[in-house]
Structures are given as structure tokens and as C-alpha cells.
Amino acid sequence: MDGDRVEIDGGIMEGGGQILRVSTALSCLLGLPLRVRRIRAGRSQPGLRPQHLSGLEIIRDLCEGKLEGGEIGSTEITFTPGKIKGGTHIADTKTAGSVCLLMQVAMPCVLFAASPSELHLKGGTNAEMAPQIDYTVMVFKPIVEKFNFAFNCDIKKRGYYPQGGGEVVVQMSPVKELSPINLTERGTVTKIYGRAFVAGALPIKLAKDMAAAAVRCIRKEIRDLYINIQPVREPDDQAFGTGSGIIVVAETSTGCLLAGSSLGKRGKNSDKVGIEAAEILLKNLKHGGTVDDSLQDQLIIFMALARGVSRVKSGPITLHTQTAIHFAEQLTKAKFTVTKSEEEDPSKDTYIIECQGMGMINPNL
């Protein structure tokens, strides 16, 4: 601590942008001045990239805070939060940096704003190393809304690597507090659906090939369910640049949603893209948890803020999740425990993530 500034080591554990997202969001929410050193020390190109800087800037703007060290390549920032306001805010990575990661950092903050917010997030909608916007809408949104809030996510334009150029508008109203969640019953898989997309210069045949390959792969393991993966060509006026990819979602009898997704790139066979997504989905279904590996870490900050005890059954705990828990505990009074889930057959590698939330109350409402 320097005075009362919380010191964060951005190089430990996952060592990437997630540490920055979790700690600055919590700093903004709790009114804690922050210094983050060794930013993204675990990455081949350390320091702030455009997407991380955009995330910091939107948090700064949301709360009229002060940011020092906010430039590309910077490995240390200090942040002094102010009061969270609602209103319209724009974040533009000017690259294919992920709009979903911008949403991840801003969303917890605007939930505790003084009035409704509209976030215009610009960059890549379907980017490597980040959730695709389809995942955010099809999986993250319905599950995270179980914390007792709602948001609207309007995909104005899709944008792909390398230029980005996508835009998503997120609208949400503030809440008094968040309710805890209990996601411990997987149930049985009742349906499997998804979308395979192409945009720009690519033919619809590629989307059909991705979908067909994914279906064939899933059929080897799950024979008796209808699988509905829609091949789509994104309309030219709603997509910028050329891209392709697929997401496949499994829905269960208890309302759980688990997914696998993959992006096409030059020289990558479209069958391979479809199979990759299907294999990720099957792996997520195998461990017996109620959330997939991509959702696991995204729920941690909401569990920490909620009032009461949240419980989530997951597969093996990812490094991203361990990192999110570490910093959530460091900055809030939330307490997490992770225990091996006992009631399964021992072949399943499942865990219960339990959190006694801090019970954040919106001071503005």
C-alpha cells in the first residue's frame, strides 16, 4: 500500500489482461485507489495493448476517475476512481481488440451506477483469445442474468481480425444489489444448437462445411439428439472485413448452457474449425460441471459482489478462474472456497466453487 493505494502485481498467476480487468473494475466499484505494476508480465508482448487501454479508459470515464500511465506498452498504471455515473460511454480499441473483454470490465461497474448506461463498444466481435460476441449473447447473458439483473446487447456491426471495425451497444440499468446464484445441478442435455458464420469475401459453403463437421463430430458421442447448427452469411452492411467461425451450445434440462467455439483463419481447413468447436463442447460436457471453461472465470466478480452464498459446479479450475478469485479476495471481503465435488462417479473431474459474497449495495439507489 502506498498511502491507501492498493498495490497489484500484474505478473503473477495468469499474468495477463484479466488481472487488470478484475482489479480496475473492483477499484472503481469500491472506490479504492490502485497501482498495478508489471502489467501483462506473463505475455510475449508485455504492457498495455489497445484493448486493455480502451478498457481502462472506459472505467475512468464511467467514474470520472484519474488514470496515470495509460499508454500503449505501459507496464504500470495508477488509477484513482470517482463516483460511477450512468449515461452513454464509448470505448474504441481501433483494432480487432475484443469488445467482449471491454464488456467484461465495464459491466460490473455500470450495475452500480447512479442511472442507466449505454455502452458503445468498438473493436473485434469475434477475436482470438477472447469470448466471441455470439458466446456472450447465447451463453454468458442468460446465465449472468441469474444474479438478478438484465442487459440488452445489440450487435450493430461485426468486426474481425485484423482491422476490427465491429460495434456492440450494451444497455443496462443499475441495481440495488446482486442476488447469489446456485448452479450445482447439471441435468441432462436436451438440445444442441449453434451458428456457423462467414462474412466478407467468404462463401456460405464454408459455413455449411463447418456446421456439418461439427455435427459429425458430436454425433460420435451423442446420437439421439437433434443438432441444429445454422450456417449464416453475415449481411455486408452488418459486418466489416472478412471472417468465419462457429459456436455450438448445449442446453440442459436444468437450464445450464455450455459451449464450444472456434474461429476460421487463413489456411485453416473449415472442417477443422467445426471439429475444434465440437471437441471443446464435448470436453465441457464430459467433466459434469454446470458451466463451461470460458464462463467459469467470468462469474467470479459477480459472485464476489453478490449478497449471500453462491455455488457453482465446474470442471477443473482454470488458471483464469484462480486468478480472478485471488484478486477478488484481495480487493473485496468476499471469501471463496473450491472443493472437489464428491457426489459424482469418481471419473468426473468436478469442483464446487463457493463464495460468501461481500453484498455490495448501490449507494446511488
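Conventions used here
- Residues numbered from 1 in each chain as written.
- Predicted model: local features only at pLDDT ≥ 70, side-chain atom pairs only at ≥ 80, totals over all residues.
- Heavy atoms only, no water.
- Helix = DSSP H or I, 4+ residues; strand = E, 2+ residues; numbered from the N terminus.
- Rg over C-alpha atoms; globule rule 2.2 N^0.38 Å.
- Buried < 20%, exposed > 50% of the residue type's maximum accessible area, 1.4 Å probe, protein only.
- Contact = heavy atoms within 4.5 Å.
- Areas by Shrake-Rupley, 256 points an atom, 1.4 Å probe, with all protein chains shown as cover.
- Domains from an automatic or database assignment.
- Buried area = accessible area lost by both parts, 1.4 Å probe.
- Salt bridge = Lys/Arg side-chain N within 4 Å of Asp/Glu carboxyl O.
- Axes fitted to C-alpha atoms, helices over the stretch in contact; angles between N-to-C directions.
- Parallel < 35°, antiparallel > 145°, perpendicular 65-115°, else oblique.
- Nonpolar A, V, L, I, M, F, W, Y, C, P; charged D, E, K, R; others polar.
- Pairing = 2+ DSSP bridges.
- Right-handed = clockwise from strand over helix to strand, strands pointing away.

A.B. asks: Honestly, the overall build of the protein chain in this entry has me stumped. Any pointers?
C.D. replies: When its secondary structure is counted, the protein chain shows 9 helices and 17 strands. Relative to a compact globule of 365 residues, whose C-alpha radius of gyration would be 21 Å, the protein chain shows 20 Å and is just as compact. Taken across its 365 residues, the protein chain has 55% of its residues classed as buried. Partitioning the intrachain contacts of the protein chain with sequence separation of at least 6 by distance along the chain shows that 75% fall at a separation of at least 24. Of the roughly 15000 Å² of accessible surface on the protein chain, a fraction of 51% belongs to carbon and sulfur atoms.

A.B. asks: Is there a simple way to think about the domain arrangement of the protein chain in this case?
C.D. replies: The extent of an interface is frequently quoted as the accessible surface area lost upon association of the parts. Each assigned domain of the protein chain is listed with its residue range as follows: domain 1 (6-183 + 291-358) and domain 2 (189-287). Relative to domain 2, the C-alpha centre of domain 1 lies at a distance of 25 Å. Counting from both sides, the interface comprises 29 residues of domain 1 and, opposite them, 28 residues of domain 2. Its largest share of buried area at the contact with domain 2, domain 1 owes to Gln-132, Met-138 and Tyr-160, together 27% of the area lost on that side. Linking domain 1 to domain 2 there are 4 salt bridges. With a shortest N-O distance of 3.6 Å, Lys-283 and Asp-293 are connected by a salt bridge.

A.B. asks: Explanation requested: the packing of helix H1 (residues 17-30) against helix H2 (residues 50-62) in the structure shown.
C.D. replies: Angle between the axes and distance between the axes: these two values describe a pair of packed helices. Two elements in contact, H1 and H2, have axes separated by 10 Å at closest approach and are oriented at 5°. Judged by the angle between their axes, H1 and H2 are roughly parallel. Residues Gly-17, Leu-20, Arg-21, Thr-24, Ala-25 and Cys-28 of H1 touch H2, and the partners they reach there are Gln-51, His-52, Leu-56 and Ile-59. Here the contact of H1 with H2 is built from residues that sort into 5 nonpolar, 4 polar and 1 charged.

A.B. asks: Just to check I follow, could you spell out helix H4 (residues 133-144) for this structure?
C.D. replies: For an α-helix, the turn length of 3.6 residues means that residues three or four places apart are oriented alike. Burial runs high along H4: 9 of the 12 residues are buried. The set of residues buried in H4 consists of Ile-133, Asp-134, Tyr-135, Thr-136, Met-138, Val-139, Phe-140, Ile-143 and Val-144.

A.B. asks: Got a minute to help me understand the pairing of strand S11 (residues 227-233) in this structure?
C.D. replies: For a regular strand, the rule is simple: side chains alternate between the two faces of the sheet. For strand S10 (residues 189-199) and S11, the ladder comprises 7 bridges, and the chain directions are parallel. Of the residues in S11, the one forming a bridge with Val-198 is Arg-233. In this region the chain leaves S10, passes through helix H5 (residues 204-221) and returns to the parallel neighbour S11; the handedness of that crossover is right-handed.

A.B. asks: Please explain the sheet that holds strand S16 (residues 335-340) as it appears in this structure.
C.D. replies: Two strands in a sheet stick together by hydrogen bonds in their backbones, pointing the same way (parallel) or opposite ways (antiparallel). Overall, mixed pairing links the 4 strands, which are arranged S9-S15-S17-S16 in an open sheet. In this open sheet, the two strands that pair with only one neighbour each are strand S9 (182-183) and S16. Where S9 lies against strand S15 (residues 309-314), 2 bridges are found, and the strand directions are parallel. In the strand pairing of S15, Leu-183 is matched with Val-312. This element, helix H9 (residues 319-331), spans S16 and strand S17 (351-356) of the sheet and lies at about 150° to S16.

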